[in-house]
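A closer look at the structure
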2 protein chains.
Amino acid sequence: MTADEADGRSPRERMVFSAAQLMRRGGVGATGMRDVVAHARAPRGSLQHYFPGGKEQLVNEAVGWAGRYAAGRVARFVAGMAEPTPSGLFAAMVGQWTDELEAVGAASGCPVAAAVVDCADASESTRTAAAAAFAAWTGPVARALTDMNVPAARAEALATLMISTVEGALLMARAEGDVRALATVARELGPLLDGAVGAVGAVDGG
Amino acid sequence: MTADEADGRSPRERMVFSAAQLMRRGGVGATGMRDVVAHARAPRGSLQHYFPGGKEQLVNEAVGWAGRYAAGRVARFVAGMAEPTPSGLFAAMVGQWTDELEAVGAASGCPVAAAVVDCADASESTRTAAAAAFAAWTGPVARALTDMNVPAARAEALATLMISTVEGALLMARAEGDVRALATVARELGPLLDGAVGAVGAVDGG
DNA sequence: CGCCGTCTATGACAGCCGTCATAGTAGCGG
DNA sequence: CCGCTACTATGACGGCTGTCATAGACGGCG
């Protein structure tokens, strides 16, 4: 999610990328269209050309991009792990945000979360886009879990738990200006996740 | 957090309450000062009288109120449970939002989360207020856990995990317009929490 | 050349925002 | 009655917002 990801792409893609980038910081409300074109170094006139649906369309596409991005990250995590475990995957997910928070100084949140907080009940389409983004994110996680011998019935539920926990911990970490919450949930939730490998019941594993 | 909590209180308190109420729906950016006084049925002129610090002060106080409110809820949960268990407390915390989402139709989020998303990097004081709110919320939860024989060393960490998970699941639930995520995390995380009772290590607790 | 679709440029618009200045009322002690 | 404090009322201000209207540039193509 660094700046070099914006190079070489079309102006249109850069605008979507920049929108997501800015939404992460100040929320949707504080992200103006003029800010987006400036950040993307794109011509202002292109806004109404590429996004005739206005800000709502731009936000929705930014949310969709974020969902695909998160899904891709999960895929790369799994591919890069020699001995994949649920706790390892979770630690990697947490680690991504830990790195960003320590690098930029807590300025970065999740654009999907921003869209939910700011638009969930004002824009039905954005709410749907956010749900789709979460689904796009949950899918690869659940698939990775089943590949690690987690029963299919629990994989999806655990994926939801992992993403919920990461989102919430990211919120707390931003508030505290410290990665403590992220580190804590990684440490506490990891063992539970590993306990689900090969188990059929809840935690009392067969 | 229903409307009757606003009755009998001073106009000033009603404004703080209304600010929190409105922030939960549309975020801080979409919450105008004029909307707040209208919702609180308070005189507009009182704004600059009670909140000379402007919107920032009002938001900060709303966040503080939300933190104290959440802490009070936890205390009441614990007091009302015949046989208190960590999973029972967590289920109660989740249940509060489940009820609200099903009642109002997913319109309600957490005002503290809204403040973090919208103001975390724009207003240092709001960021601090949000951190304080989370701390005020974490405290009673951790204390309740120690009262349930959870080792003191883990109680605080588990409280952070619980709150993170609830916040994140609430985010997902709002996006999906469904309480599924909340129900899922309650079901999946509950057993782990109970497993920490009397344990000293991680999950293998004897 | 002329035409056309894609893209860009720019200024204007109405509307809302938070804030401030100013004035006014109500109650109360003297 | 005055004076003082607490609170309310109201209109205005500059600034920013998303959106739109209009016009211009560029490049392929017949």
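Everything in this summary refers to the structure shown in the same document. In this text, all values refer to a predicted model and were calculated from it rather than measured experimentally. (Residues numbered from 1 in each chain as written. Chains lettered and ligands numbered in written order. Predicted model: local features only at pLDDT ≥ 70, side-chain atom pairs only at ≥ 80, totals over all residues. Heavy atoms only, no water.)

**Quick word on the overall build of chain A**
Scanning chain A from terminus to terminus reveals 9 helices and 0 strands. Its helices and strands in sequence order give chain A the pattern α-α-α-α-α-α-α-α-α, from N to C terminus. For 206 residues, the compact-globule estimate of 2.2 N^0.38 gives 17 Å, and the C-alpha radius of gyration of chain A, at 18 Å, lies within 12% of that figure. Reported as C-alpha extents along the three principal axes, the dimensions of chain A are approximately 60 × 35 × 30 Å. Per-residue burial over chain A gives 56% buried out of 206 residues. Looking at chain A as shown, the accessible area adds up to about 8200 Å², and 53% of this sits on carbon and sulfur atoms. (Helix = DSSP H or I, 4+ residues; strand = E, 2+ residues; numbered from the N terminus. Rg over C-alpha atoms; globule rule 2.2 N^0.38 Å. Buried < 20%, exposed > 50% of the residue type's maximum accessible area, 1.4 Å probe, protein only. Areas by Shrake-Rupley, 256 points an atom, 1.4 Å probe, with all protein chains shown as cover.)

**Here we look at the nonpolar core**
L89(A) and V141(A) are the most contacted members of the largest nonpolar core, which totals 146 residues. Residues contacting V141(A), with those up to four places away along its chain left out, are V74(A), L89(A), M93(A), A159(A), M162(A) and I163(A). (Core = buried A, V, L, I, M, F, W, Y, C linked by side-chain atoms within 4.5 Å. Contact = heavy atoms within 4.5 Å.)

**Thoughts on the relation of the copies chain A and chain B**
In summary, the two copies of the chain are related to each other by a rotation about an axis coupled with a shift along it. Mapping chain A onto chain B leaves a residual RMSD of 0.0 Å; the transformation is a rotation of 180 degrees accompanied by 0.0 Å of translation along its axis. Here the copies are linked by what is in effect a two-fold axis. (Least-squares fit on C-alpha atoms with pLDDT ≥ 70 in both.)

**Some words on the environment of R44(B)**
Among the secondary structure elements, R44(B) is positioned in the loop between α2 (33-39) and α3 (46-50). Those residues in contact with R44(B), other than ones at most four positions away along the chain, are R34(B) and V37(B).

**Section: the environment of T128(A)**
Note that T128(A) resides in helix α7 (residues 124-147). With a relative accessible area of 41%, T128(A) lands in the partly exposed category.

**What to know about the protein's contact with DNA strand D**
Around DNA strand D, a shell composed of 17 residues is seen, among which R34(A), Q48(A), K55(A), P43(B) and S46(B) lie nearest. What you see for DNA strand D is that sugar and phosphate hold 49% of its atoms within 4 Å of the protein. Within the side chain of Q48(A), a nitrogen or oxygen atom sits 2.6 Å from a base nitrogen of DNA strand D. At a separation of 3.0 Å, a base oxygen of DNA strand D approaches a polar side-chain atom of R44(B). Breaking the surface near DNA strand D down by element, the ones donating at least two residues are α2 (33-40) and α4 (54-80) of chain A together with α3 of chain B. Ranked by residues supplied to the surface near DNA strand D, first place goes to α3(B) with 4 residues. In terms of residue class, the surface near DNA strand D is built from 3 nonpolar, 8 polar and 6 charged. (Near = heavy atom within 4 Å. Polar contact = N/O pair within 3.5 Å; in protein donor to acceptor, adjacent residues only side chain to side chain. Nonpolar A, V, L, I, M, F, W, Y, C, P; charged D, E, K, R; others polar.)

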